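Here are the chains, one letter per residue:
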Amino acid sequence: MRKLTFGMNLSLDGYVAAPGDDLSWGTSGDELFGFWSDRVGSTGLALYGRRLWEGMNAHWPTADQQPGATPAHIEYSRRWRDMPKVVFSSTIEAVDGNARLVTGDAVAEITRLKAEDGPPMDIAGATLAGAAMRAGLIDEYTVVTHPVLIGSGTPFFAPVDNWVNLNLVETRTFPGGVLLARYETRR
């Protein structure tokens, strides 16, 4: 059975995006960027919702060819391009690159993918992750909290019907006051 992880940057008040899908509030830095790059490099399959897929796919497939691309950005671009992806959407008709499109029931497909043998999966996008959360499919939460309050936007955690008990498995501090906390779901 595959492990499914949900991890994103979030504000101290729990949002992954400010209104208008604004992501400019996050603290950046080489060490944090390296953490996310290593995570992409170790992901066997990434599950994307449409909005995050469109944003990532607009930049990363050719980011390594842009003037001034740093070695870290070149590496991330290569890793992101090579990583197999599944995009869940009922509004787009096709995806490109190393991705396939699923237009049907996301929870059913994620359940099917989890039941397979294979490397770990990562779910990206708060709406898609929310559906997986409510279905009890997420095995690990990687919470990367930035020292900023943005007031409203897209929350990291979706409302759930039942308590989800977690075990803290790692903490780490990054420059700029960014905190990582990884939690495994207690089953």
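Parameters at a glance
- Residues numbered from 1 in each chain as written.
- Predicted model: local features only at pLDDT ≥ 70, side-chain atom pairs only at ≥ 80, totals over all residues.
- Heavy atoms only, no water.
- Helix = DSSP H or I, 4+ residues; strand = E, 2+ residues; numbered from the N terminus.
- Buried < 20%, exposed > 50% of the residue type's maximum accessible area, 1.4 Å probe, protein only.
- Polar contact = N/O pair within 3.5 Å; in protein donor to acceptor, adjacent residues only side chain to side chain.
- Contact = heavy atoms within 4.5 Å.
- Pairing = 2+ DSSP bridges.

Participant: Can you explain the side chain of E140? Please cite residues and give values.
Facilitator: As for its placement among the helices and strands, E140 is situated in strand β7 (residues 140-146). According to the relative accessible area criterion, E140 is buried, its value standing at 4%. Here the side chain of E140 touches K3 through a polar contact of 2.7 Å, side chain to side chain. Within the local environment of E140, its side chain forms a polar contact with the side chain of T142, the two groups lying 3.4 Å apart. Residues in contact with E140, not counting those within four places in the same chain, are K3, L4, T5, F6, R182, Y183, E184 and T185.

Participant: Please give an account of the pairing of strand β3 (residues 45-49) that cites residues and values.
Facilitator: The buried fraction of β3 is high, at 5 of 5 residues. Side chains of β3 alternate between two faces, with L45, L47 and G49 and A46 and Y48 buried alike. Strand direction decides the pairing type here: β3 and strand β6 (residues 121-124), joined by 4 bridges, are parallel. Looking at β6, one finds that L47 is bridged to I123. In terms of strand pairing, β3 meets strand β4 (residues 85-88) through 4 bridges, oriented parallel. Looking across to β4, one finds that A46 is bridged to K85.

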